[in-house]
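Chain by chain, the residues:
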Amino acid sequence: MPGLLRGVARTAVVAGTATAVSNRVSRRQAGRWAEQDAQQAAPQQPAAAAPEPAPSMESKISQLKELGDLKTQGVLTEAEFEAQKSRILNS
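Below: a short report on this structure. (Residues numbered from 1 in each chain as written. Predicted model: local features only at pLDDT ≥ 70, side-chain atom pairs only at ≥ 80, totals over all residues. Heavy atoms only, no water.)

### A word on the overall build of the protein
Reasoning step 1: The helix and strand tally for the protein stands at four helices and zero strands.
Reasoning step 2: Taken across its 91 residues, the protein has 5% of its residues classed as buried. (Helix = DSSP H or I, 4+ residues; strand = E, 2+ residues; numbered from the N terminus. Buried < 20%, exposed > 50% of the residue type's maximum accessible area, 1.4 Å probe, protein only.)

### Here we look at the packing of helix 3 (residues 57–72) against helix 4 (residues 78–90)
Reasoning step 1: It is at 10 Å that the axes of helix 3 and helix 4 come closest, and there the two elements cross at 175°. With respect to their mutual orientation, helix 3 and helix 4 come out roughly antiparallel. From helix 3, Lys 60, Gln 63, Leu 64, Leu 67, Gly 68 and Lys 71 reach across to helix 4, where they touch Glu 78, Phe 81, Gln 84, Lys 85, Ile 88 and Leu 89.
Reasoning step 2: When grouped by side-chain class, the residues that make up the contact of helix 3 with helix 4 number five nonpolar, three polar and four charged. (Axes fitted to C-alpha atoms, helices over the stretch in contact; angles between N-to-C directions. Parallel < 35°, antiparallel > 145°, perpendicular 65-115°, else oblique. Contact = heavy atoms within 4.5 Å. Nonpolar A, V, L, I, M, F, W, Y, C, P; charged D, E, K, R; others polar.)

### What about the pattern of salt bridges?
Reasoning step 1: Scanning all chains against the criterion turns up two salt bridges.
Reasoning step 2: Linking Lys 71 and Glu 78 is a salt bridge whose minimum nitrogen-to-oxygen distance equals 2.8 Å.
Reasoning step 3: The partly exposed category is assigned to Lys 71, whose relative accessible area is 32%.
Reasoning step 4: Here Lys 85 and Glu 82 are joined by a salt bridge, their closest N and O atoms 3.5 Å apart. In this pair, Lys 85 and Glu 82 both sit in helix 4, three residues apart, roughly one turn of the helix.
Reasoning step 5: Overall, Lys 85 belongs to the partly exposed group, its relative accessible area being 27%.
Reasoning step 6: Glu 82 gets classed as partly exposed once you look at its relative accessible area, which sits at 35%. (Salt bridge = Lys/Arg side-chain N within 4 Å of Asp/Glu carboxyl O.)

Laid out in structure tokens, this is it:
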């Protein structure tokens, strides 16, 4: 009887260890797959974003007025003013 009990106990320990190892391996694989899925999905998200709408004419006029004020105050040079003005008008 003691030999039989020892054999059953050993079998239970081996089965329990095998189950624990199997579960751990499954969790690690699932984690790796989730990581790969996240990496593959990440580059697609920015591409799906809608482009910004073009600025309205009122917005452009407001920006040009602010730009003119900066030029009048001497913050911008003539070249900087012209470059920013063309950027605003071409947007």
